[in-house]
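Tertiary structure, described
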Amino acid sequence: MNPELTSFAQTAGTTLVTLMTTEAWQHTREGFTRLWQRLQPDRAHIVSDELDTSREEALRAHSAADQEMLHELCLQWQGHLRRLLLARPEAVEGLRRLLEDTGSEVVTYAAPIVQHATASERARVYQAGRDMHITER
């Protein structure tokens, strides 16, 4: 699988788990179930049940601030989505539209961020994959 597709599956899985704890969940769940019904109808009922179970786990983990469980759920759904995209590459557009419909900002492939830095003597290195605010005195 190419790295861009892997990155997309990872981002989509994380977004799905995040949406499990929001008011947009029912709409999101219906969309993901329809996606599987269209692309892998024999697995759609299994995925639907797993979505329900995962949501219950995500809500418990969210209320308990259990980041480890949320991370495990993200990994689980990243795997499901990666396998779907491997089996049905045409699913990319459907998944992208589904994420757009949920209002998610995750609608394009995310290029991997690779950062390298070397500091010597009294040098400082600041790196960020997104926003950074530094206040020095």
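Look up a bit, the structure's there.
Structural notes, computed from the coordinates. None of the values given here were measured: they were computed from a predicted structure. (Residues numbered from 1 in each chain as written. Predicted model: local features only at pLDDT ≥ 70, side-chain atom pairs only at ≥ 80, totals over all residues. Heavy atoms only, no water.)

So, the environment of Gln-40
- The residue Gln-40 is located in the loop between helix H2 (25–39) and helix H3 (44–63) in this model.
- Given the relative accessible area of 15%, Gln-40 is considered buried.
- Residues in contact with Gln-40, not counting those within four places in the same chain, are Leu-84 and Ala-87. (Helix = DSSP H or I, 4+ residues; strand = E, 2+ residues; numbered from the N terminus. Buried < 20%, exposed > 50% of the residue type's maximum accessible area, 1.4 Å probe, protein only. Contact = heavy atoms within 4.5 Å.)

What about the pattern of salt bridges?
- Per the counting criterion, the structure on display carries three salt bridges.
- Where Arg-29 meets Asp-52, a salt bridge forms, and the shortest distance between an N and an O atom there is 2.6 Å. Separated by 23 residues along the polypeptide, Arg-29 in helix H2 and Asp-52 in helix H3 bring together distant segments of the chain. (Salt bridge = Lys/Arg side-chain N within 4 Å of Asp/Glu carboxyl O.)

Quick notes on unusual backbone geometry
- Even without being a glycine, Ala-65 presents a positive backbone phi close to 55 degrees.
- Along the polypeptide, Ala-65 turns up in the loop between H3 and helix H4 (67–87).
- One non-glycine residue with positive phi stands out, namely Glu-121, at about 50 degrees.

Observations regarding the nonpolar core
- Counting residues in hydrophobic clusters, the biggest one holds 29 residues, and the most contacted among them are Met-20, Phe-32, Trp-36, Leu-51, Trp-77, Leu-85 and Leu-95.
- Only helix H1 (3–19), H2, H3, H4 and helix H5 (91–101) provide two or more residues apiece to this core.
- At seven residues, the largest contribution of residues to this core is made by H4.
- Once residues within four sequence positions are removed from consideration, Met-20 is found in contact with Trp-25, Leu-51, Ser-54, Arg-55, Ala-58, Leu-59 and Trp-77. (Core = buried A, V, L, I, M, F, W, Y, C linked by side-chain atoms within 4.5 Å.)

Just geometry here; none of it tells us what the structure is for.
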